[in-house]
Amino acid sequence: LSVTSVMILTIFTRSLRGGNKAQIIEAIKQNGQAVLDRMDKTIRNADSIVCISSPAPSYTLALVKNGVYTRYRFISPTPPVNPTANGLIQQDTPSKQTDPATSQEETDPAFVNRICAANDPMGTPLVLTDTKAQTGVSVLNGSFTREKTAGFKDQVTIKFDVKSGVSAPAAVAGPIDPVNFQTTIQLR
């Protein structure tokens, strides 16, 4: 009876782990593909690429469409600072600021330099990935690359890896490798 109980318990535990592993893999794939789809639509329809931050790897991409700017940024996970913070991807719509002392709006070059700087805080960013520490996902190694070819519109290559959340149970999430997402998008 005890041998049978141990066997049943083992089978039950493995099936639960398998189900949890499948859920984690599905969450990783859904989050990664949803972000790629959103970025693809915005980049493909943009009038131009304003900038890709430098030096490499480039974590920030800014675009403009009909005078409205859109910025994407990869935020790395921060285990030393906050061990429960997942890496993520943010989006915002930056706008020119007015200098309170002179009441003058910042110039186009100053605006572009500011929004392309890695240290420029995003106003009210929209987080594009599920950031729950245990059931969400963590984005790793994100980068943007711009390719210019004479006679053609610019292309942007997006690369990032997605893994299970930083606080996901190690017994389930440990054996799951990060999933790589990559695409190249050309402006229309």
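Each chain carries its own residue numbering, running from 1 in the written order of its sequence. It should be noted that, the model being predicted, local features are given only for residues of pLDDT at least 70 and side-chain atom pairs only at 80 or more, the latter also being counted only at that level, while totals for whole chains, interfaces and linings use all residues. For the side-chain quantities, the full set of heavy atoms in the structure was used; hydrogens and water were omitted.

What follows deals with the packing of aromatic side chains. Any pair of Phe, Tyr and Trp rings, taking the six-membered ring for Trp, is counted once the centres come within 6.5 Å. Such a pair is stacked with planes under 30 degrees apart, edge-to-face with planes over 60 apart, and tilted for the rest. Under the defined criterion, the tally for this structure stands at four aromatic pairs. Ring geometry for Y69 versus F111: centroids 4.7 Å apart, planes at 75 degrees, classification edge-to-face. You can see Y69 sitting in strand β3 (residues 68-75) and its partner F111 sitting in helix α2 (residues 108-116), a full 42 residues away along the chain. Their ring planes at 35 degrees and their centres at 4.8 Å tell us that F74 and F144 sit as a pair that is tilted. Here F144 lies in strand β8 (residues 137-147) and F74 lies in strand β3, a separation of 70 residues in the sequence. Pairwise contacts between aromatic rings join F74, F144, F160 and F181 into one cluster. Only DSSP runs of H or I covering at least 4 residues are called helices, and only runs of E covering at least 2 are called strands; the numbering of each starts at the N terminus.

As a further point, take the sheet that holds β8. Here we have three strands laid out as an open sheet, ordered β8-β9-β10, and antiparallel in their pairing. Single-partner strands in this sheet number two, and they are β8 and β10 (179-186). For this sheet the average axis-to-axis angle between neighbouring strands, irrespective of direction, equals 15 degrees. Two strands pair under a simple rule: DSSP has to find at least two bridges between them. Both strand β9 (residues 155-164) and β10 contribute to a ladder of eight bridges, which runs antiparallel. In the strand pairing of β10, T157 is matched with T184. Angles shown run from 0 to 180 degrees and are taken between the N-to-C directions of axes, each axis being a line fitted to C-alpha atoms and, for helices, limited to the stretch in contact.

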